[in-house]
Each structure stands twice: as structure tokens, then as C-alpha cells.
Amino acid sequence: MNEQQHKSITVFDSNPALCQGCAELIRQQAEAAIAGRKAFHLALSGGSTPKALHKVLADSPFREQLDWSRIHIWFGDERSVPHDHPDSNYLMAKQTLLEHVDIPAANIHPMAPLPDRMPQAAEDYQQTLARQLEIHHGFPVFDLVLLGLGPDGHTASLFPGTTALTETSAWVTPVYVDKLSSWRLTLTYPVLENARQLVFLVSGKDKAPVINQLFSASTDLPAARLQYRDNTRWLLDEAAAQGLPG
């Protein structure tokens, strides 16, 4: 893939500006979804940049501007740990966002990938998605999915060399990441591709090399395997954007 395939790239001059810009995009998408479909289904990602974004959403003016009673929070992936574990994406979202806004508990949909029940956890989440979301072409439709980008090119928990990369029928799948010696649960490519809006939120100079790989040459990195459409936006800070081809 290359830069021309991704017409929607926005570069912000700092990480705070990046988070403000992403929060404004979420506000706009939420208002449109709620006006048209009475609800907004948002899938969060883990990581340090989303943590900063959550704090922006949990503060004024977004805390008051967003109709949290009609927002449903989902997760793109989760580590195989309890919800109170420091590595839990759910715990991070709870502490940085969900505890600070007036969102009904019934609108929060965490994954529960405990080590002894990974296949069942994937099936449970798929059934919850089926009950709550519209289904188009056999897959659920999120209004917006936030995605990060790892230095190895992974997004969600779609890591290089894992079986999740070839999953085309399941909506949610367990994945064992050898280099981390851990299990995770992740949404699959067909689900991500079916979203109304995909937003990559990427910051930091350590991401510049992988951005360069993604946008300058043919690559087999996991993030490059997504079938991109006009629904994809890349939001970068200046440090990460240094990797964009000149």
C-alpha cells in the first residue's frame, strides 16, 4: 500500500493536538450516528496514545457534548487477564474514561478472555455483537473502530506470524503471541473492514519506521493486510509522520 491509497491522512503538530483532533472526529461521528440510527458503537484500542485520548474525551467540552446514554463502548482486542489486572485494556478505559462520563453500565461491553476459556470468550463476544449491532454481509457493523499501530506492524491483536491473520469467518478469535508468551482476543479483519469508519491513531518517533514501511512499499505487515476503503483515516503526530515518504 502507499500514501496515494490513503487519501485521508492528517498530521498534527503534537500529541495533545492529535488527541483533540481525534476526539472531535469521534464527536462528529457520534452525533451523526445517533441522529441517524439512535446509537453510536465505538470500539476502543489499548496503548498509551488512546489513554491520552480517553482523558480528552472525559474532560470538557467532550464530556458534556457527547450523548453518553446512546454510546456503546466495545474493544478491538484484549489481553488474557482479569478485568482488574494492570494490563487489561478494559481497566485502562475504565480508569481514564468510563468512570468519568455518564455512560450506562449496560452500554459497556468488555471482552473476558480468561486463559482457561479463550474459545468460549470469543464465542461469547461474537454473540454479544450479534445481539447489539447491525449485521451486513455476515459481519457486525461498528460506527467507528479506533486502531493503534505497533512497531512490528500489528494492529488490534493481529500480530505477525499468528493464525489470526488468516481468519476469515469468525468475528472474534483467540490468538497466541509467541514473542509475548501470552494469549489475546481480537476482532478479525472482516469485522474491522466492515466498520463505517476506521481510525488509526499513531504517535511517537518510534512509529516512524513502520509508517515508512506501510506507505512506501509493498509489505506483508499485519496493518497492511486490511482491505482499505474510503472509510479509513490516519491521524498522526509530527513525530510519527516523519516516516511518511517525501
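Above this text is the structure in question.
The rules behind these values
Residues numbered from 1 in each chain as written. Predicted model: local features only at pLDDT ≥ 70, side-chain atom pairs only at ≥ 80, totals over all residues. Heavy atoms only, no water. Buried < 20%, exposed > 50% of the residue type's maximum accessible area, 1.4 Å probe, protein only. Helix = DSSP H or I, 4+ residues; strand = E, 2+ residues; numbered from the N terminus. Pairing = 2+ DSSP bridges. Right-handed = clockwise from strand over helix to strand, strands pointing away. Phe/Tyr/Trp six-rings, centres within 6.5 Å; stacked < 30°, edge-to-face > 60°. Contact = heavy atoms within 4.5 Å. 1 Å grid on protein atoms, 1.4 Å probe; cavity = no way out; pocket = protein on both sides within 12 Å on 5 of 7 lines; lining within 4 Å. Points joined across faces, edges and corners; volume = space filled by probe spheres on them. Nonpolar A, V, L, I, M, F, W, Y, C, P; charged D, E, K, R; others polar.

Considering the pairing of strand β10 (residues 198–202)
Along any regular strand, the residues point their side chains to alternate faces of the sheet.
Part 1 of the argument: The element β10 is extensively covered by neighbouring structure, given that five of its five residues are classed as buried.
Part 2 of the argument: The alternating pattern of β10 places L198, F200 and V202 on one face and V199 and L201 on the opposite face, and all of these are buried.
Part 3 of the argument: Alignment of strand β7 (residues 144–147) against β10, held across three bridges, turns out to be parallel. Considered in β10, the bridge of L146 is made with V199.
Part 4 of the argument: Examined bridge by bridge, β10 and strand β11 (residues 232–237) share five bridges and lie parallel to one another. The residue of β11 that forms the bridge with L198 is T232.
Part 5 of the argument: This β-α-β element, β10 to helix α7 (residues 208–216) to β11, shows right-handed connectivity.

Describing the packing of aromatic side chains
Within a pair of aromatic rings, the relevant descriptors are the distance that separates the centres and the angle that separates the planes.
Part 1 of the argument: Applying the stated criterion across every chain yields a total of six aromatic pairs.
Part 2 of the argument: Ring centres of F200 and W234 lie 4.0 Å apart, and the angle between their planes is 5°; on these two criteria the pair is classed as stacked. With a gap of 34 residues between them, F200 in strand β10 and W234 in strand β11 connect regions that are remote in the sequence.
Part 3 of the argument: For W234, a relative accessible area of 0% gives the class buried.
Part 4 of the argument: Ring plane angle 75° and centroid distance 5.0 Å describe the contact between F215 and W234, whose orientation is recorded as edge-to-face. Note that F215 is positioned in helix α7 and W234 in strand β11, a separation of 19 residues in sequence. When sorted by exposure, F215 lands in the same class as W234, which is buried.
Part 5 of the argument: Three or more aromatic residues joined by ring pairs make a cluster, and in this case those are W74, Y125 and F142.

Considerations on the environment of A43
Part 1 of the argument: With respect to the element layout, A43 can be found in strand β2 (residues 40–44).
Part 2 of the argument: Owing to a relative accessible area of 0%, A43 belongs among the buried residues under this scheme.
Part 3 of the argument: Between the C-alpha atoms of A43 and D220, which are 177 residues apart in sequence, the distance is 25 Å.
Part 4 of the argument: Those residues in contact with A43 that sit more than four places away from it in its chain are W74, F75, G76, F142, L144, V145 and L146.

Observations regarding the layout of surface pockets
Part 1 of the argument: The space that makes up the largest pocket amounts to roughly 580 Å³.
Part 2 of the argument: Around the largest pocket sit 32 residues that line it, and G46, G47, S48, P50 and R79 are the ones nearest its centre.
Part 3 of the argument: Of the residues forming the lining of the largest pocket, the biggest block, five residues, is contributed by helix α4 (residues 89–96).
Part 4 of the argument: Considered class by class, the residues forming the lining of the largest pocket number 11 nonpolar, 14 polar and seven charged.

Comments concerning unusual backbone geometry
Part 1 of the argument: A cis amide bond links S60 with the next residue in sequence, P61, at an omega value of 5°.
Part 2 of the argument: Along the polypeptide, P61 turns up in the loop between α2 (48–57) and α3 (62–65).
Part 3 of the argument: In the Ramachandran plot, K38 falls in the positive-phi region, its phi being about 75° despite a non-glycine side chain.
Part 4 of the argument: Of note, K38 is situated in the loop between α1 (15–37) and β2.
Part 5 of the argument: One non-glycine residue with positive phi stands out, namely S181, at about 50°.
Part 6 of the argument: Mapping S181 onto the fold places it in the loop between β8 (172–177) and β9 (182–187).
Part 7 of the argument: Residue class for S181 comes out exposed when judged on its relative accessible area of 56%.

Focus on empty space enclosed by the protein
Part 1 of the argument: Evaluated as defined, the whole model comprises one cavity of 30 Å³ or more.
Part 2 of the argument: A volume near 40 Å³ is recorded for the largest cavity.
Part 3 of the argument: Lining the largest cavity are I26, F40, L42, L57, L66, W68, I71, I73 and L97.
Part 4 of the argument: Residue composition of the lining of the largest cavity, grouped by class: nine nonpolar, no polar and no charged.

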